[in-house]
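Summary of structural features
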Amino acid sequence: PVYAGFWIRLAAKLIDGLILAGLAAAVQQIYATGWHGGHLPAPPAWAEFFQAQLRLLSVNFVIGLLYATYFVAWHGGTPGKLALG
């Protein structure tokens, strides 16, 4: 097989990164408006702030993991890789 070069792989990663960034933004918007009543904790509440950030980081990690697993298992590659061959 002929493997793709650096620039094609980078472009595929950027496409996948944009898709995942959109999903992460949606999750953060839902989290900020739905679970906290539209506002984040006040700055003095550092423990709450860091707990919220850890939860968001964990959710975004799981989304990325499921994204890669699903597309590689069922489609043979992520959308960025498939778009660029």
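In what follows, the structure referred to is the one given above.
Source: prediction; values computed, not measured.

**Notes on the overall build of the protein chain**
In terms of regular secondary structure, the protein chain is built from three helices and zero strands. Looking at the protein chain as a whole, 15% of its 85 residues qualify as buried. Taking the intrachain contacts of the protein chain between residues at least 6 apart in sequence as the baseline, contacts between residues at least 24 apart amount to 61%. Looking at the protein chain as shown, the accessible area adds up to about 6,400 Å², and 74% of this sits on carbon and sulfur atoms.

**Some words on the environment of alanine 4**
When you line up the elements, alanine 4 lands in the segment before α1 (6–35). For the pair formed by alanine 4 and leucine 84, sequence separation is 80 residues and the distance between their alpha carbons is 9.1 Å.

**Comments concerning the environment of tyrosine 31**
Locating tyrosine 31 in the fold gives a position in helix α1. By relative accessible area, which is 6% here, tyrosine 31 ends up buried. Expressed as a C-alpha distance, the spacing of tyrosine 31 and alanine 52, which sit 21 residues apart in the sequence, is 9.0 Å.

**A closer look at the packing of aromatic side chains**
A complete count under the given rule lists three aromatic pairs for this structure. With 4.9 Å between their ring centres and 80° between their planes, phenylalanine 6 and tryptophan 7 make a pair best called edge-to-face. What makes phenylalanine 6 exposed here is its relative accessible area of 57%. Their ring planes at 65° and their centres at 5.0 Å tell us that tyrosine 67 and phenylalanine 71 sit as a pair that is edge-to-face.

Cut-offs and rules
As a convention, each chain's residues are numbered from 1 in the sequence order in which they are written. Totals for whole chains, interfaces and linings use every residue, but because this is a predicted model, local features are given only for residues with pLDDT of at least 70 and side-chain atom pairs only at 80 or more, for both listing and counting. Excluded from the side-chain calculations are hydrogens and water; all other atoms, namely the structure's heavy atoms, are used. Here a strand is any run of E in DSSP of at least two residues, a helix any run of H or I of at least four, and the numbering for each starts at the N terminus. Using a 1.4 Å probe on the protein chains alone, a residue whose accessible area is under 20% of its type maximum counts as buried, one over 50% counts as exposed, and one in between counts as partly exposed. Working rule for contacts: check all heavy atoms of both residues, and any pair within 4.5 Å makes them a contact. Each accessible area is a Shrake-Rupley result for a 1.4 Å probe, and residues are judged covered by the shown protein chains and nothing else. Paired rings are identified among Phe, Tyr and Trp, the last through its six-membered ring, by centres lying within 6.5 Å, and are further divided according to the angle between planes into stacked (under 30 degrees), edge-to-face (over 60) and tilted (the rest).

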